[in-house]
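Inside the fold
Chain by chain, the residues run as shown.
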Amino acid sequence: MKTALLDGITPAKIDKQIIGNLLLNVAAADEVRHEKMLVGVRNEAGEIYRLIGATKVNSYMNAIEELEDLGLVDELKDTEAPQEGCDAIFSAA
């Protein structure tokens, strides 16, 4: 899985835990956007500041489980279509 911080957006306070729990390779945002499945992570201001890209479904599901274990909630859990370019968007409850 690949990840990128989006320029000019403040990371969430929980970001170090996210990075610690997921095995992620840092890449450019454009490179991450080319992955098959995208997960966005919002900061306390409600802005998506981090993208996580997965090529395989099992990697994507693993990322979702890890984010849920950290107490984050997937805003798109009950929707079919991607929003803001992401298949899942997590934020603190």
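Higher on the page you've got the structure.
All values reported here derive from a predicted model rather than from experimental measurement. (Residues numbered from 1 in each chain as written. Predicted model: local features only at pLDDT ≥ 70, side-chain atom pairs only at ≥ 80, totals over all residues. Heavy atoms only, no water.)

Considering the overall build of the protein
The condition is simple: Elements are defined by DSSP. Helices are runs of H or I of four residues or more, strands are runs of E of two residues or more, and each kind is numbered from the N terminus. As defined in this context, the radius of gyration uses C-alpha atoms, and a globule is described by 2.2 Å times the residue total to the power 0.38. Think of it in three bands: residues with accessible area under 20% of the maximum for their type are buried, residues over 50% are exposed, and the middle band is partly exposed, with areas taken using a 1.4 Å probe on protein chains only. Here the accessible surface of atoms and residues is derived via Shrake-Rupley with a 1.4 Å probe, and residues count as covered only by protein chains that are part of the display. In this tally, Asp and Glu contribute negative charge and Lys and Arg positive charge; neither His nor the terminal groups of the chain are included. Charged groups are reduced to one reference atom each: NZ for lysine, CZ for arginine, CG for aspartic acid, CD for glutamic acid.
Each helix and strand in the protein was counted, giving 3 helices and 6 strands. Starting at the N terminus and walking to the C terminus, you meet the elements of the protein as β-α-β-α-β-β-α-β-β. Computed over the C-alpha atoms, the radius of gyration of the protein is 12 Å, within 12% of the 12 Å expected from 2.2 N^0.38 for a compact globule of 93 residues. Within the protein, the proportion of its 93 residues that are buried is 43%. Entry remark: accessible area of the protein is about 5500 Å², with carbon and sulfur atoms responsible for 50%. If you average the places of the 9 positive and of the 17 negative side-chain charges in the protein, the two averages end up 4 Å apart.

Description of the sheet that holds strand β4 (residues 48–54)
The condition is simple: Strands were regarded as paired on the criterion that DSSP finds at least two bridges between them.
The 6 strands are arranged β2-β1-β4-β3-β6-β5 in an open sheet whose pairing can be described as mixed. The open sheet terminates on both sides in strands that have one partner only, identified here as β2 (25–26) and β5 (72–74). Looking at chain direction, β5 and strand β6 (residues 88–92) are connected through 3 bridges and run antiparallel. Within the sheet, the bridge partner assigned to V73 lies in β6 and is S91.

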